[in-house]
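# A closer look at the structure
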Amino acid sequence: MRDLLDYRGEFPILARATYLINHSLGAMPAEAERRLGEYARTWSTRGIRAWGEGWWDLPLTVGDQIGRLIGAPTSTVVMHQNVTIAEAVVLSCFRLDGERRRIVYEEGNFPSVRYLYQAQTRHGAEIVVVPEGDSVADAIDERTLLVPISQVLFRTGEIQDVEAIVRRAHEMGAHVVLDAYQSAGILPLDVTALGVDFATGGSVKWLCGGPGAGWLYVRPDLAASLEPTFVGWQAHARPFAFEPELEYADGVARFLTGTPNVPALYAATAGYDLIEEVGVARIRESSVRQTELLITLLDQAGLDVGSPRDPARRGGTVTVRTPAFAAVHRELSEREIVCDFRPDAGLRLGPHFFTSDDELRHAVEQIAEIVESRAYERHLGAVARF
Ligand SMILES: Cc1ncc(COP(=O)(O)O)c(C=O)c1O
């Protein structure tokens, strides 16, 4: 078994920066660049034949690799561009004008997902937003259609009790759409054991797969019976017959839309391969130890930690509130310490399996020094988006 720090050589940015932003844009494996070159070479040398030699099937073959990482059987995961599209396809399976038209989610849900569901009020949906600290499960009743929740909340890095929510949703006849963007690749996830109806995520974060490779898991019995109305020719039983009428493909393929995002899928598997090789259980073990270390170091520096202290409730990110954290973030970036911040939450620090303990010590020392010396003041007023 390779030592975790031995993997550092696979990620070029680690030679230049203290990279603590894997909850937002995971470090790029050097192999991703080689695979993008392979994509370009295939396009230039095989031309149109590339579709038949693998490109057309990529949303399913790459989906199977995601399936291995999230405990899904083969042929139950398809690739999309992002979570928003994946959830829109799910949503399109249901009518919003009947008795059952409530959509229940937690306040900490990711904005893109919230916006998608909020927009459905124009088609009759009723939205119930569960305030932070209140039980999502308790808000689910017989009028609830969908429960789109995040396994790990993006702002605080807090893990939610998905099992309790799924249990209640199923008792009430509702479906759970689990957003696992902040968990896949850092927290062991078994969608089959959890019994969720749908699960989705992307590749930008802990999976180190880059943008444009979102995924959607559909429980096999639902994939066989539901009929999405947001659909395209990849979802047809015989796409190359170009038939005038829609006939759904069998199984999860009917949850596809149009032409797949081929280059993104080439790039993404480089990250997935490394996550599979290391193993999510081992990554989680390292993450729990390092987030614990981060919290201890931040406490010792007198800084205000916002993330849960109980490791069972903490995902891969540690948040810390400092004065003027947007300006502190800017100063850190100039010192080659890469992290981010979110309104109300403060700085977010996300080590991954390749992060060294020394990097964590260095980052905390620098945050403390920037706060103490007020070095951040020269950035006050600057607006940073990333
Ligand atoms: C929990 C969660 N869901 C979804 C997203 C992104 O959604 P999309 O793939 O639609 O951009 C993010 C972050 O970018 C996230 O943290």
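Remember, it's a predicted structure, so these values are computed and weren't measured experimentally. (Residues numbered from 1 in each chain as written. Predicted model: local features only at pLDDT ≥ 70, side-chain atom pairs only at ≥ 80, totals over all residues. Heavy atoms only, no water.)

Position of aspartate 340 among the secondary structure elements: in strand S12 (residues 340-342). In terms of polar contacts, aspartate 340 uses its side chain to reach the side chain of histidine 23, at 2.9 Å. Within polar-contact distance, the side chain of aspartate 340 engages the side chain of arginine 348 at 2.6 Å. Residues within four places of aspartate 340 in sequence aside, it is in contact with Ile21, His23, Ser24, His329, Gly346, Leu347 and Arg348. (Helix = DSSP H or I, 4+ residues; strand = E, 2+ residues; numbered from the N terminus. Polar contact = N/O pair within 3.5 Å; in protein donor to acceptor, adjacent residues only side chain to side chain. Contact = heavy atoms within 4.5 Å.)

On to the pattern of salt bridges, then. Tallying each qualifying case throughout the model produces 32 salt bridges. The closest approach of N and O atoms between aspartate 6 and arginine 2, which form a salt bridge, is 2.9 Å. What makes arginine 2 partly exposed here is its relative accessible area of 29%. The closest approach of N and O atoms between arginine 2 and glutamate 10, which form a salt bridge, is 2.9 Å. In this structure glutamate 10 comes out as partly exposed when scored by relative accessible area, which is 24%. (Salt bridge = Lys/Arg side-chain N within 4 Å of Asp/Glu carboxyl O. Buried < 20%, exposed > 50% of the residue type's maximum accessible area, 1.4 Å probe, protein only.)

The phi dihedral of phenylalanine 242 falls on the positive side, at around 50°, and the residue is not glycine. Mapped onto the elements, phenylalanine 242 comes out in the loop between helix H8 (220-225) and helix H9 (262-278). The class of phenylalanine 242 is exposed, set by a relative accessible area of 58%. The residue arginine 374 is not glycine, and still its phi comes out positive at about 60°.

Strand order in the open sheet formed by four strands is S9-S10-S13-S12, with antiparallel pairing between adjacent strands. Only two strands of the sheet have a single partner each, and these edge strands are strand S9 (304-305) and S12. Strand direction decides the pairing type here: S9 and strand S10 (residues 318-321), joined by two bridges, are antiparallel. Across the sheet, the residue bridging to valine 305 is valine 320, located in S10. (Pairing = 2+ DSSP bridges.)

Moving on: helix H6 (residues 162-172). Among the residues of H6, Val162, Ile165, Val166, Ala169 and Met172 are the ones counted as buried. Taken around the axis of H6, the buried residues stretch over an arc of 135°, which confines them to a single face. Summarising the geometry of H6, the exposed residues directed more than 90 degrees from the buried face are Arg167 and Glu171. Residues of H6 that are buried make contact with strand S5 (144-150), strand S6 (175-179) and helix H7 (191-194). Of the residues flanking the end of H6, it is glycine 173, one or two places downstream, whose phi is positive at about 80°. (Arc of directions from axis to C-beta.)

Tallied over the entire structure, the rule returns zero disulfides. With no disulfide of its own, cysteine 339 lies closest to cysteine 208 among cysteine sulfurs, the gap being 17 Å. On the basis of relative accessibility, which here comes to 3%, the residue cysteine 339 falls in the buried class. (Disulfide = S-S within 2.5 Å.)

We now examine the site of the ligand. The environment of the ligand is formed by Asn82, Val83, Thr84, Phe110, Ser112, Phe154, Asp179, Tyr181, Gln182 and Lys205. Take aspartate 179: an N or O atom from its side chain is 2.6 Å from a nitrogen atom of the ligand. Take glutamine 182: an N or O atom from its side chain is 3.1 Å from an oxygen atom of the ligand. Notes on the ligand: free accessible area 400 Å², of which the protein chains cover 85%. Residue classes in the shell around the ligand are distributed as four nonpolar, four polar and two charged. (Near = heavy atom within 4 Å. Areas by Shrake-Rupley, 256 points an atom, 1.4 Å probe, with all protein chains shown as cover. Nonpolar A, V, L, I, M, F, W, Y, C, P; charged D, E, K, R; others polar.)

For the rest of this paragraph, the subject is the packing of helix H10 (residues 280-300) against helix H12 (residues 357-373). Interhelical geometry of H10 versus H12 gives an angle of 30° and a closest axis separation of 10 Å. Here H12 runs roughly parallel to H10, going by the angle between their axes. Of the two possible hands of crossing, H10 and H12 adopt the one that is right-handed. Here H10 contributes Arg289, Gln290, Leu293, Leu294, Leu297 and Leu298 to the contact with H12, which in turn contributes Asp357, Leu360, Arg361 and Val364. Among the residues making up the contact of H10 with H12, the classes are represented as six nonpolar, one polar and three charged. (Axes fitted to C-alpha atoms, helices over the stretch in contact; angles between N-to-C directions. Parallel < 35°, antiparallel > 145°, perpendicular 65-115°, else oblique. Left-handed = near helix turned anticlockwise from the far one by under 90°.)

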